[in-house]
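Residue-level listing of the chains:
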Amino acid sequence: MGVVYHGNYAQYLEIARIEWLSDLGISYKSMEENGVMLPVYNLDITYKKSAQFDDVLKVVTTLRKLPTVRIVFDYKIYNQQGDLLTIASTELIFINMAKNKPMRCPAYIFDKLQD
C-alpha cells in the first residue's frame, strides 16, 4: 500500500521517549539496572495522515506534567514536508522491579525534570 504499518508507530514513540530522556541525561538502561522500569499503561494515537515508506519522520516529544507514580508524554509526528501525521500520548508507570509494584518517580529523575 506504500504506507507505514500502523503498529510501527508505538516503536517510533518508544524511541522518541528514550531519546528525550537521554537528552536530559537519563539513561533508560541505567534506570533498569537500578531496579526501575517504565511499562506503558496507556497509549493513545490519532492518525491524521499516513506516513509513506520513504518519509523522514520527526517526532516532537513533550512531558505533559511533572510525574508522580505515572509519567505522561505527548507526541506529534511530522513528515519532511512538515505535515502533521500523528498525534499521540503515552502514560507509563514507574515500577520497582524488585517488588513488582508501582513507585513514585525516583528523585534523581524528578530533579532533572524540574529544571
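For the structure itself, consult the block above.
Residues numbered from 1 in each chain as written. Predicted model: local features only at pLDDT ≥ 70, side-chain atom pairs only at ≥ 80, totals over all residues. Heavy atoms only, no water.

K.L.:
For the sheet that holds strand β5 (residues 84–93), give the residues involved together with the corresponding values.
P.N.:
Strand order in the open sheet formed by four strands is β2-β5-β4-β3, with antiparallel pairing between adjacent strands. Each of the sheet's edge strands pairs with one partner strand only, and the pair in question is β2 (40–47) and β3 (58–63). Sheet twist, expressed as the average angle between the axes of neighbouring strands with direction ignored, equals 15°. With six bridges connecting them, β3 and strand β4 (residues 70–78) associate as antiparallel partners. Across the sheet, T61 pairs through a bridge with Y75, a residue of β4. Its contacts with the sheet place helix α1 (residues 8–23) against β2, β3, β4 and β5, and it is angled at close to 115° to β4. (Pairing = 2+ DSSP bridges. Helix = DSSP H or I, 4+ residues; strand = E, 2+ residues; numbered from the N terminus. Axes fitted to C-alpha atoms, helices over the stretch in contact; angles between N-to-C directions. Contact = heavy atoms within 4.5 Å.)

K.L.:
Go over the nonpolar core with me, naming the residues and quoting the values.
P.N.:
Within the largest apolar cluster, 22 residues are counted, with the highest numbers of intra-cluster contacts made by M31, L38, I71, F73, Y75, F94 and I109. Sorting the residues of this core by element identifies α1, β4, β5 and α3 (107–114) as the ones contributing at least two each. Among the elements that line this core, the one with the most residues is α1, at five residues. (Core = buried A, V, L, I, M, F, W, Y, C linked by side-chain atoms within 4.5 Å. Buried < 20%, exposed > 50% of the residue type's maximum accessible area, 1.4 Å probe, protein only.)

K.L.:
Can you explain α1? Please cite residues and give values.
P.N.:
In this model, α1 (16 residues) spans 23 Å end to end at C-alpha, consistent with the 22 Å of a helix rising 1.5 Å per residue. Looking at α1, one finds that the buried residues are Y9, L13, A16, R17, W20 and L21. All buried residues of α1 fall inside an arc of 135° around its axis, so they share one side. Its buried side turned inward, α1 meets β2, β3, β4, β5 and α3. With its phi angle positive at about 85°, G25 sits one or two positions after the end of α1. (Expected span 1.5 Å × (residues − 1). Arc of directions from axis to C-beta.)

K.L.:
Help me get a handle on the sheet that holds strand β1 (residues 36–37), residues and values and all.
P.N.:
Strands sit in the order β1-β6-β7 across an open sheet of three strands; the sheet is antiparallel. The outermost strands of the open sheet, each flanked by one partner alone, are β1 and β7 (101–102). Sheet topology places strand β6 (residues 95–96) next to β7; two bridges connect them, and they run antiparallel. Considered in β7, the bridge of I95 is made with P102.

K.L.:
Could you give me a rundown of the packing of aromatic side chains, with the residues and numbers involved?
P.N.:
Summed over all chains, the structure comprises four aromatic pairs. Ring geometry for Y9 versus Y12: centroids 5.5 Å apart, planes at 65°, classification edge-to-face. One end of the pair, Y9, and the other, Y12, are both in helix α1, three residues apart, so they sit about a helical turn from each other. We classify Y9 as buried; its relative accessible area is 2%. On the accessibility criterion, Y12 (24% relative accessible area) is partly exposed. With 6.5 Å between their ring centres and 35° between their planes, F73 and Y75 make a pair best called tilted. Across the pair, Y75 and F73 agree in class, each one buried. The ring centre of Y41 lies 4.5 Å from the NZ or CZ of R70, which sits over that ring. (Phe/Tyr/Trp six-rings, centres within 6.5 Å; stacked < 30°, edge-to-face > 60°. Lys NZ or Arg CZ within 6 Å of the ring centre and 35° of its normal.)

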